[in-house]
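Here is what each chain is made of, one letter per residue.
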Amino acid sequence: MSRLLTKHCQPCEGSVQPFTREEAQTLLNQEIQEWCLNETATEINRAYKFKNYYETMAFVNGIAWIAHQEDHHPNLEISYCRCLVRYCTHAINGLSENDFICAARVDALLLPPQGIAVCKP
Ligand SMILES: C[C@H](O)[C@H](O)[C@H]1CNC2=NC(N)=NC(=O)C2=N1
C-alpha cells in the first residue's frame, strides 16, 4: 500500500513551496508510477480507460467523493470510455503533496476489494 494512503490533504494557501521537478519526479517514481509529470512540473496526470460510459461515470463519482473528503479538486476530461485526471494545487500554482495523496487515492479506487465488510444490524 502506498504511504500516501495513510495521509490526508492539508490546506496549503500561502505557506507551502511547490515541489521542484526533481522532488515531484522522485515521489511519483516511489508512489504513483503510472502518473505523468507535465513539462513545467506544475501538474501530474493519468488517463484511465473503461469499457463503457457507465463504468467511466462510476469512477468519476468516486473521484468526486475523494475531492469532497479531501477538499482538493482535480481537473477532469471525460469521454465515453476514458477519464483524464489532472492534479495541480491552484493555491501555489504548482504541485504539493496534496496532489500525490489524491492521485494515490484515485488509483486505490481500482484496487480489488480487500475483504467483505460485515454489517451488524
Ligand atoms: C479553501 C479550500 O481548501 C481551497 O480553496 C482548496 C480547494 N480545492 C483545491 N483544489 C486544488 N486542486 N487546489 C487548490 O489549491 C485547492 N484549494
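Residues numbered from 1 in each chain as written. Predicted model: local features only at pLDDT ≥ 70, side-chain atom pairs only at ≥ 80, totals over all residues.

The protein chain carries the name Putative pterin-4-alpha-carbinolamine dehydratase in an unreviewed UniProt entry, which gives Thioploca ingrica as its organism. The UniProt entry for the protein chain carries the following text under Catalytic activity (unreviewed entry): "(4aS,6R)-4a-hydroxy-L-erythro-5,6,7,8-tetrahydrobiopterin = (6R)-L-erythro-6,7-dihydrobiopterin + H2O". UniProt annotates the protein chain under Sequence similarities (unreviewed entry) with the comment "Belongs to the pterin-4-alpha-carbinolamine dehydratase family." (UniProt positions renumbered as here; feature names shortened; annotations may be inferred.)

### Notes on the overall build of the protein chain
A count of helices and strands for the protein chain gives three helices and four strands. From first element to last, N terminus to C terminus, the protein chain shows the α and β order α-β-β-α-β-β-α. Taking 14 Å as the expected radius of gyration for a compact globule of 121 residues, we find that the protein chain reaches 15 Å, a close match to that expectation. Principal axes of the C-alpha set define a box for the protein chain whose edges measure 45 × 35 × 25 Å. For the protein chain, with 121 residues in total, the buried portion stands at 26%. Put simply, of all contacts in the protein chain between residues at least 6 apart along the chain, 66% involve residues at least 24 apart. (Helix = DSSP H or I, 4+ residues; strand = E, 2+ residues; numbered from the N terminus. Rg over C-alpha atoms; globule rule 2.2 N^0.38 Å. Buried ≥ 20, exposed ≤ 12 C-beta atoms within 10 Å, placed from the backbone. Contact = placed C-beta atoms within 7 Å.)

### Focus: the site of the ligand
Neighbouring the ligand are the residues Pro11, Asp71, His72, His73, Thr89, His90 and Ala91. Class assignment of the residues belonging to the shell around the ligand gives a composition of two nonpolar, four polar and one charged. (Near = placed C-beta within 6 Å. Nonpolar A, V, L, I, M, F, W, Y, C, P; charged D, E, K, R; others polar.)

### Examining the pairing of strand β4 (residues 82-87)
Burial of β4 is one-sided: the residues Cys83, Val85 and Tyr87 facing one way are buried, the residues Arg82, Leu84 and Arg86 facing the other way are not. Inspection of the sheet shows strand β2 (residues 44-49) paired to β4 by six bridges, in the antiparallel sense. For Ala47, the partnering residue across the bridge sits in β4 and is Leu84. Bridging between strand β3 (residues 75-79) and β4 involves five bridges; their strand directions are antiparallel. When the sheet's bridge partners are listed, Ile78 is paired in β4 with Cys83. (Pairing = 2+ DSSP bridges.)

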